[in-house]
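Tertiary structure, described
Residue strings, one per chain:
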Amino acid sequence: MAVVNELSNNWENDPAIGAVVVESSDINHRIKELGAEISADYVDRIPLLVGVLKGAAMFMSDLAREITRPVEFDYMSVSSYGSATRTSGVVRILKDLDGDLSDRDVIIVEDIVDSGLTLTYLRKYLAARNPRSLEVCTLLLKEGLQKTDLRLRYVGFRIPPDFVVGYGLDVNERYRNLESVHQYVGLRPK
Ligand code: 5GP
């Protein structure tokens, strides 16, 4: 009998990995569209892409290659206090930006927005550093869970509010290299 909360070495037979939520070919296609949109919106500006580690690393590197204009990269790493699957809105900065934001056109690149609490915190934190503009590009947005209007400029896909893994998203650091986004039907980490 399969043990559902064990992390498997082979996800083809991994009972914790459920149905595909977003197919990798659809991810690739949508990223091309987002890249074209960003290229058109930043014709005479060089955006600074701020990736939120680790989940957004894969999305940011694919997105950047679809932007046909110069961009710069920076990364932040944050951890939210709360349970493994619910964030509390209190965010600890584990790695801050390397560069200055004043007069920069910043695009926060996120893997997934759930309650929006992490993003709300990050946006306030970065806005205090006087960027010229501050927009958000998220690959995934969970439908219906946000309490406030998050003003998300670029959204890849709206998905149902199930917990998902793949394409950068993990459970205990696993599953990030799945090509598609899947439902996670195993036991959640403690
Ligand atoms: P929020 O503050 O919007 O509720 O949560 C945002 C963060 O929680 C994301 O950046 C991500 O790290 C994590 N998260 C939210 N939903 C999921 C999910 O379905 N799967 C995974 N792996 N992480 C998630």
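In the block above lies the structure referred to throughout.
Residues numbered from 1 in each chain as written. Predicted model: local features only at pLDDT ≥ 70, side-chain atom pairs only at ≥ 80, totals over all residues. Heavy atoms only, no water.

Here we look at the sheet that holds strand β1 (residues 17-22)
- In space, the three strands of this open sheet follow the order β1-β9-β8, with antiparallel pairing throughout. Two strands in the sheet have a free side with no partner beyond their single neighbour: β1 and β8 (164-165).
- In this sheet, strand β9 (residues 181-184) lies alongside β8 in antiparallel orientation, the contact comprising two bridges. Bridged to V164 within β9 is Q183. (Pairing = 2+ DSSP bridges. Helix = DSSP H or I, 4+ residues; strand = E, 2+ residues; numbered from the N terminus.)

As for the pattern of salt bridges
- In the structure shown here, the tally under the stated rule is 13 salt bridges.
- With a shortest N-O distance of 2.8 Å, D96 and R129 are connected by a salt bridge. Highlighted residues: D96 in the loop between β4 (87-95) and β5 (105-113) and R129 in the loop between α3 (117-127) and β6 (133-142), separated in sequence by 33 residues.
- D96 gets classed as partly exposed once you look at its relative accessible area, which sits at 27%. (Salt bridge = Lys/Arg side-chain N within 4 Å of Asp/Glu carboxyl O. Buried < 20%, exposed > 50% of the residue type's maximum accessible area, 1.4 Å probe, protein only.)

Considering the nonpolar core
- Among the nonpolar cores identified, the biggest contains 26 residues, and I27, I38, F59, L63, V109, C137 and L140 are the most heavily contacted of them.
- V78, V91, I108 and V155 belong to the second-largest nonpolar core, a separate cluster that totals 20 residues. (Core = buried A, V, L, I, M, F, W, Y, C linked by side-chain atoms within 4.5 Å.)

Focus: the pairing of β5
- The element β5 is extensively covered by neighbouring structure, given that nine of its nine residues are classed as buried.
- The pairing of strand β2 (residues 47-53) with β5 spans five bridges and is classified as parallel. Bridged to P47 within β5 is D105.
- Each parallel crossover has a hand, and the one from β5 via α3 to β6 is right-handed. (Right-handed = clockwise from strand over helix to strand, strands pointing away.)

Quick look at the packing of aromatic side chains
- The full count for this structure, using the stated rule, is four aromatic pairs.
- Measuring from centroid to centroid gives 6.2 Å for F73 and Y75, while their planes differ by 80°, and the two rings are edge-to-face.
- Accessibility expressed as a relative area gives 24% for Y75, which makes it partly exposed.
- Geometrically, the ring pair formed by F163 and Y184 is edge-to-face, given 6.2 Å between the ring centres and 70° between the ring planes. Linking F163 in the loop between β7 (154-159) and β8 with Y184 in strand β9, this pair joins segments that are 21 residues apart in sequence.
- The buried category is assigned to Y184, whose relative accessible area is 5%.
- Put simply, the rings of F163, Y175 and Y184 touch in pairs and so form one group of aromatic residues.
- Note that R45 overlies the ring of Y42, its terminal NZ or CZ placed 4.3 Å from the centroid. (Phe/Tyr/Trp six-rings, centres within 6.5 Å; stacked < 30°, edge-to-face > 60°. Lys NZ or Arg CZ within 6 Å of the ring centre and 35° of its normal.)

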